[in-house]
Amino acid sequence: GIQTEATTDAGGGLNVGYIDNSDWMAYNNINFPTTGAYLIEYRVASISGGQLSLDLNAGSIQLGTVNVTATGGWQNWTTVSHTVNVNAGTYSLGVFAQSGGWNINWIRVTRVANTSKPIAMQSEDTEANTEVTFGSAGIAKIDLYPNPVENELTLYPNFDLSGANLKIVDATGSVIMEETNATTSINVRDLKQGIYTLMVITKDNTKIVQRFVKR
């Protein structure tokens, strides 16, 4: 019963919608080049939330479930994720609606390197490029909502934001906003329309870079 529809998420194109309980999507010939941990990210929107699960080869390998955040609108997008372990190989990758009532725009699979060096993760959505540094706690990441944003940008970090420094940089590389003690809410009402880079440096010197669009 699923259908595609035009999306207002950054990058445009189509998202998958009308997802009900037990609906599913399968993507063939997905190659996992090495055995190990992979970060799986899902770009989702939902009025009241739901739950999805990930599997390989028509459910013969179950990789786990993820709660879909209630974003308050079918085109209010956020990114949810989990880390799974996969043996090297080529699979049919399946997304199953354990509990429906959500839309999905894209899926991103990133090899989790066992290193302290930065790794860049990029999807076809060029406004959602992310650079993170790996620390002892794993992957530090921040989801931004809403994105694109008009007035107030909310940060959803998976780490303690207290004591972190925050900068917003415009397309020319100029720092136009800076906070020495970052909070989860930023007033961007006065910014001009365009693409900006949010940079957060935590108190343990982990650096997270996330782009957002100001309407």
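As shown above, the structure is provided for reference.
In short, a report on the structure. (Residues numbered from 1 in each chain as written. Predicted model: local features only at pLDDT ≥ 70, side-chain atom pairs only at ≥ 80, totals over all residues. Heavy atoms only, no water.)

## Quick notes on the sheet that holds strand 5 (residues 50-56)
And then number 1: The antiparallel open sheet is built from 4 strands, whose spatial order is 3-8-5-6. Because the sheet does not close on itself, it has two edges, and the strands there are strand 3 (24-32) and strand 6 (61-68). Between one strand axis and the next, the sheet turns by 25 degrees as a mean value, whatever way the strands run.
And then number 2: Across 7 bridges, strand 5 lies against strand 6 in antiparallel orientation. Along strand 6, the bridge assignment pairs S53 with T65. (Pairing = 2+ DSSP bridges. Helix = DSSP H or I, 4+ residues; strand = E, 2+ residues; numbered from the N terminus. Axes fitted to C-alpha atoms, helices over the stretch in contact; angles between N-to-C directions.)

## Notes on the pairing of strand 16 (residues 165-169)
And then number 1: Note that strand 16 and strand 19 (residues 194-201) share 5 bridges and pair antiparallel. Bridging across to strand 19, L166 finds its partner in V200.
And then number 2: Sheet topology note: the strand 16/strand 17 (residues 175-179) ladder contains 4 bridges and is antiparallel. From the neighbouring strand, L166 faces strand 17, where its bridge partner is E179.
And then number 3: Hairpin connection, strand 16 to strand 17: the antiparallel pair is bridged by 5 residues, and G173 has positive phi, about 95 degrees.

Read these as spatial facts, not as claims about activity.
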